[in-house]
Amino acid sequence: MVTEVVNLNDLKKLAPVFGQSSFDNHEQIVFCNDKDTGLKAIIGIHNTVLGPALGGTRMWNYSSEWEALNDVLRLSRGMTFKSAITGLNLGGGKAVIIGDSKTQKTPELMLRFGEFVHSLNGRYITAEDVGMTTEDMDLVRTVTPYVTGISEENGGAGNPSPITAYGVFMGMKAAAKIKFGSEILEDRVVYVEGIGHVGEALVEHLSNEGANVFISDINHERMEQVRDKYGVQIYNGDNLYAEQMDIYAPCALGATINDETIDLLQAKVIAGAANNQLADEQKHGMKLRERGIVYAPDFLINAGGIINVYAELENYGKQEIMRKTENIFNTTLEILNKAEASDVTTHQAAFEIAQTRIDSRKKES
Ligand code: NAD
(Lines give C-alpha, C1' and ligand atoms only; values in the text may rest on other atoms or scores of the structure.)
Protein backbone atom coordinates (compact mmCIF):
# COMPACT_ATOMS: atom_id res chain seq x y z
CA MET A 1 0.00 0.00 0.00
CA VAL A 2 2.75 2.36 -0.83
CA THR A 3 2.19 5.99 -1.44
CA GLU A 4 4.87 6.84 -3.96
CA VAL A 5 4.46 10.57 -3.71
CA VAL A 6 8.12 11.34 -3.94
CA ASN A 7 11.14 9.43 -5.05
CA LEU A 8 12.61 7.50 -2.12
CA ASN A 9 16.08 8.85 -2.80
CA ASP A 10 14.69 12.36 -2.58
CA LEU A 11 13.06 11.47 0.73
CA LYS A 12 16.39 10.40 2.17
CA LYS A 13 17.90 13.79 1.44
CA LEU A 14 15.25 15.52 3.54
CA ALA A 15 15.42 15.88 7.32
CA PRO A 16 14.45 12.47 8.73
CA VAL A 17 11.00 13.21 10.12
CA PHE A 18 9.90 16.83 10.48
CA GLY A 19 11.43 17.75 7.15
CA GLN A 20 9.66 15.04 5.15
CA SER A 21 7.38 16.17 2.38
CA SER A 22 4.54 14.12 3.89
CA PHE A 23 4.98 15.73 7.29
CA ASP A 24 2.08 18.10 7.90
CA ASN A 25 2.42 19.38 11.44
CA HIS A 26 1.76 15.98 12.96
CA GLU A 27 1.49 16.22 16.73
CA GLN A 28 3.38 13.06 17.60
CA ILE A 29 5.17 10.21 15.87
CA VAL A 30 6.03 7.16 17.91
CA PHE A 31 8.58 4.59 16.78
CA CYS A 32 8.00 1.21 18.44
CA ASN A 33 10.63 -1.49 18.52
CA ASP A 34 10.74 -4.86 20.25
CA LYS A 35 13.66 -7.15 19.59
CA ASP A 36 12.05 -10.30 21.04
CA THR A 37 8.94 -10.27 18.85
CA GLY A 38 10.55 -8.51 15.87
CA LEU A 39 8.03 -5.67 16.13
CA LYS A 40 8.89 -2.54 14.21
CA ALA A 41 5.99 -0.13 14.10
CA ILE A 42 5.31 3.57 13.70
CA ILE A 43 2.28 5.29 15.19
CA GLY A 44 1.40 8.64 13.66
CA ILE A 45 -0.83 11.07 15.56
CA HIS A 46 -1.67 13.86 13.19
CA ASN A 47 -4.21 15.96 15.04
CA THR A 48 -6.30 15.59 18.21
CA VAL A 49 -8.33 18.83 18.18
CA LEU A 50 -11.64 17.01 17.60
CA GLY A 51 -10.86 14.04 19.83
CA PRO A 52 -8.49 11.10 20.28
CA ALA A 53 -6.63 10.08 17.14
CA LEU A 54 -8.37 7.01 15.74
CA GLY A 55 -7.16 5.04 12.75
CA GLY A 56 -6.30 1.50 11.79
CA THR A 57 -3.06 -0.41 11.87
CA ARG A 58 -1.61 -1.51 8.56
CA MET A 59 0.88 -4.36 8.32
CA TRP A 60 2.76 -4.23 5.06
CA ASN A 61 6.08 -5.43 3.75
CA TYR A 62 7.48 -1.97 3.09
CA SER A 63 10.63 -1.89 1.02
CA SER A 64 12.20 0.61 3.41
CA GLU A 65 11.57 2.46 6.65
CA TRP A 66 11.24 5.65 4.60
CA GLU A 67 8.33 4.17 2.77
CA ALA A 68 6.67 3.09 6.03
CA LEU A 69 7.14 6.53 7.57
CA ASN A 70 5.81 8.24 4.47
CA ASP A 71 2.76 5.96 4.54
CA VAL A 72 1.94 6.54 8.20
CA LEU A 73 2.32 10.30 7.82
CA ARG A 74 -0.05 10.41 4.85
CA LEU A 75 -2.54 7.96 6.30
CA SER A 76 -2.79 9.60 9.72
CA ARG A 77 -3.31 13.02 8.13
CA GLY A 78 -6.06 11.52 5.97
CA MET A 79 -7.83 10.24 9.09
CA THR A 80 -7.99 13.75 10.56
CA PHE A 81 -9.94 15.01 7.56
CA LYS A 82 -12.03 11.85 7.25
CA SER A 83 -13.37 12.12 10.79
CA ALA A 84 -13.78 15.89 10.54
CA ILE A 85 -15.86 15.76 7.35
CA THR A 86 -17.95 12.88 8.71
CA GLY A 87 -18.83 14.92 11.79
CA LEU A 88 -17.15 12.56 14.27
CA ASN A 89 -15.42 13.78 17.40
CA LEU A 90 -12.17 12.07 16.55
CA GLY A 91 -8.72 13.15 15.59
CA GLY A 92 -6.50 11.53 13.00
CA GLY A 93 -4.01 8.76 13.63
CA LYS A 94 -2.75 5.60 12.06
CA ALA A 95 -0.14 2.93 12.70
CA VAL A 96 2.02 0.84 10.43
CA ILE A 97 3.80 -2.38 11.30
CA ILE A 98 6.69 -3.22 9.03
CA GLY A 99 6.51 -6.83 7.86
CA ASP A 100 4.58 -9.44 5.97
CA SER A 101 1.25 -10.05 7.69
CA LYS A 102 1.05 -13.56 6.24
CA THR A 103 4.37 -14.76 7.65
CA GLN A 104 5.50 -12.35 10.36
CA LYS A 105 2.34 -11.56 12.30
CA THR A 106 2.41 -13.51 15.55
CA PRO A 107 0.21 -13.21 18.66
CA GLU A 108 3.27 -12.07 20.64
CA LEU A 109 4.00 -9.32 18.15
CA MET A 110 0.39 -8.11 18.20
CA LEU A 111 0.30 -8.09 22.01
CA ARG A 112 3.51 -6.12 22.17
CA PHE A 113 2.07 -3.68 19.67
CA GLY A 114 -1.03 -3.39 21.87
CA GLU A 115 1.18 -2.48 24.83
CA PHE A 116 2.71 0.36 22.84
CA VAL A 117 -0.79 1.60 21.94
CA HIS A 118 -1.71 1.38 25.62
CA SER A 119 1.32 3.44 26.63
CA LEU A 120 -0.21 6.41 24.77
CA ASN A 121 -3.08 6.46 27.26
CA GLY A 122 -5.86 6.86 24.70
CA ARG A 123 -4.33 9.64 22.62
CA TYR A 124 -4.29 7.02 19.86
CA ILE A 125 -6.99 4.37 19.38
CA THR A 126 -6.31 1.62 16.90
CA ALA A 127 -8.45 -0.57 14.61
CA GLU A 128 -7.82 -2.85 11.64
CA ASP A 129 -6.45 -1.84 8.26
CA VAL A 130 -4.74 -3.80 5.52
CA GLY A 131 -3.08 -6.94 6.88
CA MET A 132 -5.23 -6.95 10.06
CA THR A 133 -8.39 -8.78 11.09
CA THR A 134 -11.03 -8.43 13.81
CA GLU A 135 -9.33 -11.39 15.56
CA ASP A 136 -6.11 -9.36 15.76
CA MET A 137 -8.04 -6.50 17.36
CA ASP A 138 -9.66 -8.91 19.83
CA LEU A 139 -6.17 -9.96 20.86
CA VAL A 140 -4.96 -6.36 21.20
CA ARG A 141 -8.05 -5.73 23.35
CA THR A 142 -6.63 -8.08 25.99
CA VAL A 143 -3.84 -5.61 26.72
CA THR A 144 -5.49 -2.24 26.05
CA PRO A 145 -8.97 -0.71 25.92
CA TYR A 146 -7.74 1.69 23.23
CA VAL A 147 -8.76 -0.49 20.32
CA THR A 148 -11.89 -0.69 18.14
CA GLY A 149 -12.97 -2.92 15.29
CA ILE A 150 -13.33 -5.87 17.63
CA SER A 151 -15.67 -8.77 16.90
CA GLU A 152 -19.38 -8.73 17.65
CA GLU A 153 -18.91 -11.80 19.90
CA ASN A 154 -16.63 -9.66 22.04
CA GLY A 155 -19.01 -6.72 22.14
CA GLY A 156 -17.59 -4.79 19.19
CA ALA A 157 -19.15 -3.63 15.94
CA GLY A 158 -17.40 -6.31 13.89
CA ASN A 159 -15.57 -6.14 10.59
CA PRO A 160 -15.84 -2.58 9.22
CA SER A 161 -15.16 -3.51 5.58
CA PRO A 162 -18.76 -4.20 4.46
CA ILE A 163 -19.82 -0.85 5.92
CA THR A 164 -16.93 0.88 4.18
CA ALA A 165 -18.02 -0.73 0.92
CA TYR A 166 -21.60 0.44 1.42
CA GLY A 167 -20.41 4.01 1.97
CA VAL A 168 -18.25 3.84 -1.15
CA PHE A 169 -21.26 2.56 -3.07
CA MET A 170 -23.29 5.55 -1.80
CA GLY A 171 -20.52 8.00 -2.74
CA MET A 172 -20.21 6.38 -6.17
CA LYS A 173 -23.93 6.78 -6.76
CA ALA A 174 -23.77 10.45 -5.84
CA ALA A 175 -20.85 10.99 -8.23
CA ALA A 176 -22.76 9.13 -10.97
CA LYS A 177 -25.75 11.39 -10.40
CA ILE A 178 -23.56 14.44 -10.91
CA LYS A 179 -21.82 13.05 -14.00
CA PHE A 180 -24.54 11.04 -15.72
CA GLY A 181 -27.69 12.61 -14.26
CA SER A 182 -28.72 9.36 -12.54
CA GLU A 183 -27.46 7.42 -9.57
CA ILE A 184 -28.63 4.13 -11.03
CA LEU A 185 -25.58 2.06 -11.86
CA GLU A 186 -27.28 -0.61 -13.96
CA ASP A 187 -25.25 -1.26 -17.12
CA ARG A 188 -22.51 1.16 -16.07
CA VAL A 189 -19.05 -0.23 -16.77
CA VAL A 190 -17.20 -0.26 -13.43
CA TYR A 191 -13.62 -1.40 -12.87
CA VAL A 192 -12.85 -2.42 -9.29
CA GLU A 193 -9.11 -2.53 -8.67
CA GLY A 194 -8.39 -4.64 -5.58
CA ILE A 195 -11.04 -7.10 -4.47
CA GLY A 196 -10.03 -7.59 -0.86
CA HIS A 197 -12.37 -7.10 2.08
CA VAL A 198 -13.85 -3.84 0.81
CA GLY A 199 -13.49 -4.46 -2.92
CA GLU A 200 -15.41 -7.72 -2.80
CA ALA A 201 -18.30 -6.21 -0.81
CA LEU A 202 -18.43 -3.35 -3.32
CA VAL A 203 -18.55 -5.85 -6.20
CA GLU A 204 -21.57 -7.44 -4.51
CA HIS A 205 -23.48 -4.13 -4.36
CA LEU A 206 -22.57 -3.33 -7.94
CA SER A 207 -23.56 -6.68 -9.34
CA ASN A 208 -26.84 -6.62 -7.39
CA GLU A 209 -27.60 -3.37 -9.16
CA GLY A 210 -26.78 -4.79 -12.58
CA ALA A 211 -23.56 -2.90 -13.26
CA ASN A 212 -21.11 -4.33 -15.79
CA VAL A 213 -18.26 -5.08 -13.39
CA PHE A 214 -14.62 -5.83 -14.18
CA ILE A 215 -12.23 -6.83 -11.41
CA SER A 216 -8.47 -6.76 -11.08
CA ASP A 217 -6.18 -7.96 -8.29
CA ILE A 218 -2.65 -9.27 -7.90
CA ASN A 219 -4.16 -12.37 -6.30
CA HIS A 220 -5.41 -14.47 -9.19
CA GLU A 221 -7.07 -17.15 -7.10
CA ARG A 222 -9.13 -14.54 -5.35
CA MET A 223 -10.20 -13.03 -8.66
CA GLU A 224 -11.50 -16.41 -9.80
CA GLN A 225 -13.46 -16.85 -6.55
CA VAL A 226 -15.04 -13.41 -6.83
CA ARG A 227 -15.78 -13.89 -10.53
CA ASP A 228 -17.56 -17.17 -9.84
CA LYS A 229 -19.47 -15.81 -6.85
CA TYR A 230 -20.87 -12.67 -8.50
CA GLY A 231 -20.65 -13.43 -12.22
CA VAL A 232 -18.31 -10.50 -12.91
CA GLN A 233 -15.43 -10.35 -15.40
CA ILE A 234 -11.73 -10.56 -14.70
CA TYR A 235 -9.64 -7.85 -16.32
CA ASN A 236 -6.72 -9.56 -18.00
CA GLY A 237 -5.09 -6.59 -19.70
CA ASP A 238 -2.01 -4.78 -18.47
CA ASN A 239 -3.23 -1.19 -18.33
CA LEU A 240 -6.53 -0.87 -16.58
CA TYR A 241 -6.36 2.93 -16.48
CA ALA A 242 -6.50 3.20 -20.28
CA GLU A 243 -9.61 1.03 -20.63
CA GLN A 244 -12.93 2.55 -21.64
CA MET A 245 -15.14 2.64 -18.54
CA ASP A 246 -17.70 4.73 -16.75
CA ILE A 247 -16.32 4.34 -13.25
CA TYR A 248 -12.94 3.48 -11.82
CA ALA A 249 -13.02 2.20 -8.21
CA PRO A 250 -9.55 2.04 -6.64
CA CYS A 251 -9.83 -0.41 -3.74
CA ALA A 252 -6.24 -1.55 -3.34
CA LEU A 253 -3.41 0.92 -3.41
CA GLY A 254 -2.99 4.56 -2.59
CA ALA A 255 -1.61 7.00 -5.17
CA THR A 256 -2.84 5.16 -8.26
CA ILE A 257 -3.82 8.53 -9.72
CA ASN A 258 -0.39 9.87 -10.46
CA ASP A 259 1.77 11.41 -13.18
CA GLU A 260 1.88 8.13 -15.06
CA THR A 261 -1.82 7.29 -15.02
CA ILE A 262 -3.62 10.61 -15.07
CA ASP A 263 -3.46 11.25 -18.81
CA LEU A 264 -4.41 7.68 -19.62
CA LEU A 265 -7.53 7.56 -17.47
CA GLN A 266 -10.69 6.96 -19.49
CA ALA A 267 -13.05 6.82 -16.52
CA LYS A 268 -15.70 9.51 -16.19
CA VAL A 269 -16.06 8.99 -12.44
CA ILE A 270 -13.54 7.89 -9.82
CA ALA A 271 -14.96 6.50 -6.58
CA GLY A 272 -13.22 3.88 -4.50
CA ALA A 273 -12.14 2.81 -1.03
CA ALA A 274 -8.36 3.21 -1.15
CA ASN A 275 -6.87 5.91 1.03
CA ASN A 276 -4.84 8.71 -0.57
CA GLN A 277 -5.79 7.94 -4.15
CA LEU A 278 -4.30 11.16 -5.51
CA ALA A 279 -0.50 11.04 -5.42
CA ASP A 280 -0.53 14.84 -5.35
CA GLU A 281 -3.81 16.24 -4.07
CA GLN A 282 -3.50 19.64 -5.72
CA LYS A 283 -1.89 18.76 -9.00
CA HIS A 284 -3.82 15.61 -9.76
CA GLY A 285 -7.07 16.94 -8.31
CA MET A 286 -6.82 19.89 -10.68
CA LYS A 287 -5.97 17.69 -13.65
CA LEU A 288 -9.04 15.52 -13.03
CA ARG A 289 -11.16 18.62 -12.87
CA GLU A 290 -9.75 19.94 -16.15
CA ARG A 291 -10.46 16.60 -17.78
CA GLY A 292 -14.05 16.59 -16.52
CA ILE A 293 -13.54 13.42 -14.47
CA VAL A 294 -15.69 13.51 -11.36
CA TYR A 295 -13.60 12.44 -8.38
CA ALA A 296 -15.45 11.48 -5.20
CA PRO A 297 -12.88 12.32 -2.49
CA ASP A 298 -11.59 9.13 -0.89
CA PHE A 299 -11.60 10.36 2.70
CA LEU A 300 -15.24 11.36 2.31
CA ILE A 301 -16.68 8.21 0.77
CA ASN A 302 -14.61 5.57 2.57
CA ALA A 303 -15.70 6.77 6.02
CA GLY A 304 -18.13 3.86 6.59
CA GLY A 305 -15.41 1.93 8.42
CA ILE A 306 -14.72 4.69 10.89
CA ILE A 307 -18.44 5.25 11.41
CA ASN A 308 -18.65 1.55 12.28
CA VAL A 309 -15.79 1.56 14.79
CA TYR A 310 -16.90 4.90 16.29
CA ALA A 311 -20.12 3.13 17.30
CA GLU A 312 -18.04 1.13 19.79
CA LEU A 313 -16.99 4.34 21.53
CA GLU A 314 -20.35 6.10 21.36
CA ASN A 315 -22.55 3.05 21.88
CA TYR A 316 -24.82 3.40 18.90
CA GLY A 317 -26.18 0.37 17.06
CA LYS A 318 -26.25 -1.06 13.52
CA GLN A 319 -29.26 1.01 12.48
CA GLU A 320 -27.51 4.27 13.27
CA ILE A 321 -24.32 3.00 11.61
CA MET A 322 -26.26 2.33 8.40
CA ARG A 323 -28.08 5.66 8.57
CA LYS A 324 -24.86 7.60 8.98
CA THR A 325 -23.16 5.59 6.21
CA GLU A 326 -26.07 6.03 3.83
CA ASN A 327 -25.81 9.75 4.41
CA ILE A 328 -22.49 9.68 2.55
CA PHE A 329 -24.69 9.92 -0.57
CA ASN A 330 -26.05 13.34 0.51
CA THR A 331 -22.72 14.66 1.76
CA THR A 332 -20.99 13.65 -1.48
CA LEU A 333 -23.67 15.33 -3.60
CA GLU A 334 -23.35 18.47 -1.50
CA ILE A 335 -19.57 18.55 -1.81
CA LEU A 336 -19.46 17.83 -5.51
CA ASN A 337 -21.98 20.62 -6.11
CA LYS A 338 -20.03 22.97 -3.86
CA ALA A 339 -16.84 22.25 -5.82
CA GLU A 340 -18.61 23.10 -9.05
CA ALA A 341 -20.11 26.29 -7.64
CA SER A 342 -16.84 27.50 -6.11
CA ASP A 343 -14.69 26.39 -9.03
CA VAL A 344 -12.35 24.29 -6.89
CA THR A 345 -11.41 20.61 -7.01
CA THR A 346 -13.72 18.18 -5.25
CA HIS A 347 -10.87 17.27 -2.93
CA GLN A 348 -10.38 20.92 -2.02
CA ALA A 349 -14.10 21.43 -1.40
CA ALA A 350 -14.17 18.48 1.03
CA PHE A 351 -10.92 19.47 2.65
CA GLU A 352 -12.10 23.04 3.32
CA ILE A 353 -15.23 21.87 5.14
CA ALA A 354 -13.17 19.50 7.28
CA GLN A 355 -10.56 22.17 8.06
CA THR A 356 -13.24 24.71 8.99
CA ARG A 357 -14.69 22.27 11.51
CA ILE A 358 -11.27 21.70 13.08
CA ASP A 359 -10.47 25.43 13.16
CA SER A 360 -13.73 26.37 14.83
CA ARG A 361 -13.30 23.68 17.50
CA LYS A 362 -9.81 24.94 18.14
CA LYS A 363 -11.10 28.49 18.64
CA GLU A 364 -13.71 27.26 21.13
CA SER A 365 -11.15 25.50 23.28
P1 NAD B 1 -7.41 -5.87 1.70
O2 NAD B 1 -6.00 -6.11 2.07
O3 NAD B 1 -8.46 -6.80 2.19
O4 NAD B 1 -7.53 -5.86 0.11
C5 NAD B 1 -6.62 -5.24 -0.71
C6 NAD B 1 -6.64 -6.04 -2.03
O7 NAD B 1 -5.84 -5.33 -2.98
C8 NAD B 1 -6.05 -7.45 -1.90
O9 NAD B 1 -6.93 -8.39 -2.48
C10 NAD B 1 -4.73 -7.34 -2.66
O11 NAD B 1 -4.36 -8.56 -3.28
C12 NAD B 1 -5.07 -6.28 -3.68
N13 NAD B 1 -3.91 -5.60 -4.26
C14 NAD B 1 -2.75 -5.24 -3.66
N15 NAD B 1 -1.95 -4.63 -4.53
C16 NAD B 1 -2.63 -4.58 -5.71
C17 NAD B 1 -2.32 -4.08 -7.01
N18 NAD B 1 -1.17 -3.50 -7.27
N19 NAD B 1 -3.26 -4.20 -7.97
C20 NAD B 1 -4.45 -4.81 -7.73
N21 NAD B 1 -4.78 -5.31 -6.52
C22 NAD B 1 -3.88 -5.21 -5.54
O23 NAD B 1 -7.74 -4.37 2.11
P24 NAD B 1 -9.17 -3.70 2.32
O25 NAD B 1 -9.49 -3.73 3.77
O26 NAD B 1 -10.13 -4.25 1.34
O27 NAD B 1 -8.84 -2.18 1.98
C28 NAD B 1 -8.69 -1.75 0.64
C29 NAD B 1 -8.32 -0.27 0.62
O30 NAD B 1 -9.35 0.49 1.24
C31 NAD B 1 -7.03 0.07 1.39
O32 NAD B 1 -6.37 1.11 0.73
C33 NAD B 1 -7.55 0.54 2.73
O34 NAD B 1 -6.67 1.43 3.38
C35 NAD B 1 -8.81 1.26 2.31
N36 NAD B 1 -9.81 1.36 3.38
C37 NAD B 1 -10.28 0.22 3.97
C38 NAD B 1 -11.23 0.33 4.98
C39 NAD B 1 -11.81 -0.90 5.64
O40 NAD B 1 -12.84 -0.79 6.32
N41 NAD B 1 -11.22 -2.07 5.44
C42 NAD B 1 -11.71 1.59 5.38
C43 NAD B 1 -11.22 2.73 4.72
C44 NAD B 1 -10.27 2.59 3.73
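Please read all numbers here as calculations on a predicted model, not as lab measurements.

**Regarding the domain arrangement of the protein**
Part 1: Per the domain assignment, the segments of the protein are domain 1 (27-71 + 91-154) and domain 2 (161-356).
Part 2: A C-alpha centroid distance of 25 Å is found between domain 1 and domain 2.
Part 3: Listed per partner, the contact involves 11 residues of domain 1 and six residues of domain 2.
Part 4: The junction of domain 1 with domain 2 conceals about 650 Å² of combined surface from both sides, 60% of it contributed by carbon and sulfur atoms.
Part 5: At the junction of domain 1 and domain 2, the tally comes to zero salt bridges.
Part 6: Joining domain 1 to domain 2, the criterion identifies two residue pairs in polar contact (both at pLDDT 80 or more).

**Digging into the packing of aromatic side chains**
Part 1: Tallied over the entire structure, the rule returns six aromatic pairs.
Part 2: Geometrically, the ring pair formed by Y191 and F214 is stacked, given 4.7 Å between the ring centres and 10 degrees between the ring planes. On the criterion of sequence distance, the pair formed by Y191 in strand 7 (residues 189-193) and F214 in strand 8 (residues 212-216) is long-range, its members being 23 residues apart. Both residues of the pair, Y191 and F214, count as buried.
Part 3: Between Y310 and Y316, the aromatic rings sit 6.2 Å apart at their centres with planes inclined by 65 degrees, giving edge-to-face as the arrangement. One exposure class covers both Y310 and Y316, and it is buried.

**Here we look at the pairing of strand 2 (residues 39-47)**
Part 1: Taking burial as the measure, the nine residues of strand 2 include eight buried ones, the bulk of the element.
Part 2: Relative to strand 2, strand 1 (residues 28-34) runs antiparallel, the two being bridged by seven bridges. When the sheet's bridge partners are listed, V30 is paired in strand 2 with I43.
Part 3: Remark: four residues form the turn of the hairpin made by strand 1 and strand 2, two consecutive strands paired antiparallel; G38 in that turn has positive phi of roughly 80 degrees.
Part 4: Where strand 2 meets strand 5 (residues 91-98), six bridges bridge the pair, whose relative direction is antiparallel.

**A few points about the site of the ligand**
Part 1: Close contacts around the ligand come from 21 residues, with R58, T164, H197, V198 and D217 the closest.
Part 2: Within the side chain of D129, one N or O atom sits 3.2 Å away from an oxygen atom of the ligand.
Part 3: Within the side chain of S161, one N or O atom sits 3.2 Å away from a nitrogen atom of the ligand.
Part 4: When we break the shell around the ligand down by domain, the ones giving at least three residues each are domain 1 (27-71 + 91-154) and domain 2 (161-356).

**A word on helix 8 (residues 281-290)**
Part 1: Residues of helix 8 that are buried include every one of E281, H284, G285 and L288, and no others. When helix 8 is viewed along its axis, its buried side chains cluster within an angular range of 105 degrees and face the same direction. Of the exposed residues in helix 8, the ones pointing more than 90 degrees away from its buried face are Q282 and E290.
Part 2: Considering only its buried residues, helix 8 is in contact with helix 2 (65-86), strand 11 (269-270), strand 12 (294-295) and helix 13 (346-364).
Part 3: At the N-terminal boundary of helix 8, the capping side chain belongs to D280, with an oxygen 3.1 Å from the backbone nitrogen of Q282.
Part 4: Positive phi appears at G292, one or two residues downstream of helix 8, with a value of about 75 degrees.

**Here's the deal with the sheet that holds strand 10 (residues 247-250)**
Part 1: Reading across from one edge, 9-8-7-10-11-12 is the order of the six strands in this open sheet, with parallel pairing throughout. The sheet is open, and its two borders are formed by strand 9 (233-234) and strand 12, each paired with just one other strand.

**A look at empty space enclosed by the protein**
Part 1: The tally for this structure, following the rule as stated, stands at one cavity of 30 Å³ or more.
Part 2: Size it by volume and the largest cavity reaches roughly 150 Å³.
Part 3: Taken together, 17 residues form the lining of the largest cavity, with G78, N276, E281, D298 and F299 sitting closest to its centre.
Part 4: The element that contributes the greatest number of residues to the lining of the largest cavity is helix 2, accounting for seven residues.

The rules we used
- Residues numbered from 1 in each chain as written.
- Predicted model: local features only at pLDDT ≥ 70, side-chain atom pairs only at ≥ 80, totals over all residues.
- Heavy atoms only, no water.
- Domains from an automatic or database assignment.
- Contact = heavy atoms within 4.5 Å.
- Buried area = accessible area lost by both parts, 1.4 Å probe.
- Salt bridge = Lys/Arg side-chain N within 4 Å of Asp/Glu carboxyl O.
- Polar contact = N/O pair within 3.5 Å; in protein donor to acceptor, adjacent residues only side chain to side chain.
- Phe/Tyr/Trp six-rings, centres within 6.5 Å; stacked < 30°, edge-to-face > 60°.
- Helix = DSSP H or I, 4+ residues; strand = E, 2+ residues; numbered from the N terminus.
- Buried < 20%, exposed > 50% of the residue type's maximum accessible area, 1.4 Å probe, protein only.
- Pairing = 2+ DSSP bridges.
- Near = heavy atom within 4 Å.
- Arc of directions from axis to C-beta.
- 1 Å grid on protein atoms, 1.4 Å probe; cavity = no way out; pocket = protein on both sides within 12 Å on 5 of 7 lines; lining within 4 Å.
- Points joined across faces, edges and corners; volume = space filled by probe spheres on them.

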